[in-house]
Amino acid sequence: MTPLFVPPDHFRELAPADIFPDPARPLEIDLGCGDGTFLLGMAAHHPERDFLGVERMLGRVSKTARKIGVRQLTNARIMRLESAYTVAWLLPRASVSRLHLLCPDPWPKKKHAARRLVNQAEFLDGLVRILKPGGEFLLKTDDQPYFEDALLSLESRAHQFERLDWPEDAFFYPITDFEQSWLDVGRVIQRARWRLKSA
Ligand SMILES: C[S@@+](CC[C@H](N)C(=O)[O-])C[C@H]1O[C@@H](n2cnc3c(N)ncnc32)[C@H](O)[C@@H]1O
């Protein structure tokens, strides 16, 4: 198994065993994983879980794959693909225990707000499709408008998602590279966590 995951077919839904050999293990997704600091930190801390990073920039994908290889983490892989497509169409249904969306591109211009993942029905429908019942969606952002959009979007799907508390230090959760750079300049990081209700 190589650190770089290339889907066997980009146009059909994956089977869980395409990604990691044992589908019985919890699978977590780091969407827009950047240089992979969070992905690697989680994989090292949780050898009993599997972690797939999704990232569209080639340099970041290569760097992350290299780091996974050097650290010999067999429970972490990275895939170069677009986030919304991955969630809406590619990942196996009811397969994901937690999906992390950490410091996503904020699309700050009002005319670009529809590009925020949390504003896209395709993405939200995809989340419902890929999360296991009781699976979680975790978001961190330094961008207040993005955060407010997320709260509204998920609230409008209260029949599907229930917001959970997320106190500081509730569980192991490494600070990401972008989060650290925002903290260094005094920006506030907002976070929220939702659980997919059982059907
Ligand atoms: C602001 S960075 C955050 C990186 C990392 N999550 C962190 O917190 O340090 C956003 C990352 O998401 C990636 N990204 C943005 N839009 C994407 C998309 N549609 N599909 C895949 N990756 C995307 C970018 O290339 C970038 O690496």
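Whatever comes next refers back to the structure up there.
The notes below deal with the structure included here. (Residues numbered from 1 in each chain as written. Predicted model: local features only at pLDDT ≥ 70, side-chain atom pairs only at ≥ 80, totals over all residues. Heavy atoms only, no water.)

1. Quick notes on the packing of aromatic side chains
And then number 1: Enumeration according to the criterion identifies six aromatic pairs in this entry.
And then number 2: With a centroid separation of 6.0 Å and 70° between ring planes, the pair formed by F123 and F137 is classed as edge-to-face. Here F123, found in helix α5 (residues 121–130), pairs with F137, found in strand β5 (residues 131–141); they are 14 residues apart in sequence, far enough to count as distant. Across the pair, exposure class does not vary: F123 and F137 are buried alike.
And then number 3: Aromatic side chains F171 and Y173 sit 5.8 Å apart centroid to centroid with 70° between the ring planes, which places their arrangement in the edge-to-face category.
And then number 4: According to the relative accessible area criterion, F171 is partly exposed, its value standing at 25%.
And then number 5: Judged by its relative accessible area of 12%, Y173 is buried.
And then number 6: Ring-pair connections join several aromatic residues into one group, and the members of that group are F38, W166, F171 and Y173.
And then number 7: One cation-aromatic arrangement involves R98 over F171; the distance from NZ or CZ to the ring centre is 5.2 Å.
And then number 8: Over the ring of W182 we find R187, and its NZ or CZ is 4.6 Å from the ring centre. (Phe/Tyr/Trp six-rings, centres within 6.5 Å; stacked < 30°, edge-to-face > 60°. Helix = DSSP H or I, 4+ residues; strand = E, 2+ residues; numbered from the N terminus. Buried < 20%, exposed > 50% of the residue type's maximum accessible area, 1.4 Å probe, protein only. Lys NZ or Arg CZ within 6 Å of the ring centre and 35° of its normal.)

2. Side note on the site of the ligand
And then number 1: Around the ligand sit 16 residues in total, of which G32, E55, R60, E82 and T176 are the nearest.
And then number 2: Take G32: an N or O atom from its main chain is 2.8 Å from a nitrogen atom of the ligand.
And then number 3: Within the backbone of R56, a nitrogen or oxygen atom sits 3.3 Å from a nitrogen atom of the ligand.
And then number 4: Here the ligand, which alone exposes 590 Å², has 91% of that area covered by the protein.
And then number 5: Partitioned by chemical class, the residues of the shell around the ligand number six nonpolar, four polar and six charged. (Near = heavy atom within 4 Å. Polar contact = N/O pair within 3.5 Å; in protein donor to acceptor, adjacent residues only side chain to side chain. Areas by Shrake-Rupley, 256 points an atom, 1.4 Å probe, with all protein chains shown as cover. Nonpolar A, V, L, I, M, F, W, Y, C, P; charged D, E, K, R; others polar.)

3. Quick word on the sheet that holds strand β3 (residues 76–80)
And then number 1: With mixed pairing, seven strands are arranged side by side in an open sheet as β3-β2-β1-β4-β5-β7-β6. Two strands lie at the open edges of the sheet, namely β3 and β6 (161–164), each paired on one side alone. Taking each pair of neighbouring strands and ignoring which way they run, the sheet shows an average axis angle of 20°.
And then number 2: Across four bridges, β6 lies against strand β7 (residues 190–196) in antiparallel orientation. Bridge assignment links F161 to a residue of β7, and that residue is L196. (Pairing = 2+ DSSP bridges. Axes fitted to C-alpha atoms, helices over the stretch in contact; angles between N-to-C directions.)

4. Structural notes on the environment of R195
And then number 1: Note on placement: R195 falls in strand β7.
And then number 2: Judged by relative accessible area, which is 31%, R195 ranks as partly exposed.
And then number 3: Between the alpha carbons of R195 and P133 there is a distance of 8.1 Å; along the sequence they are 62 residues apart.

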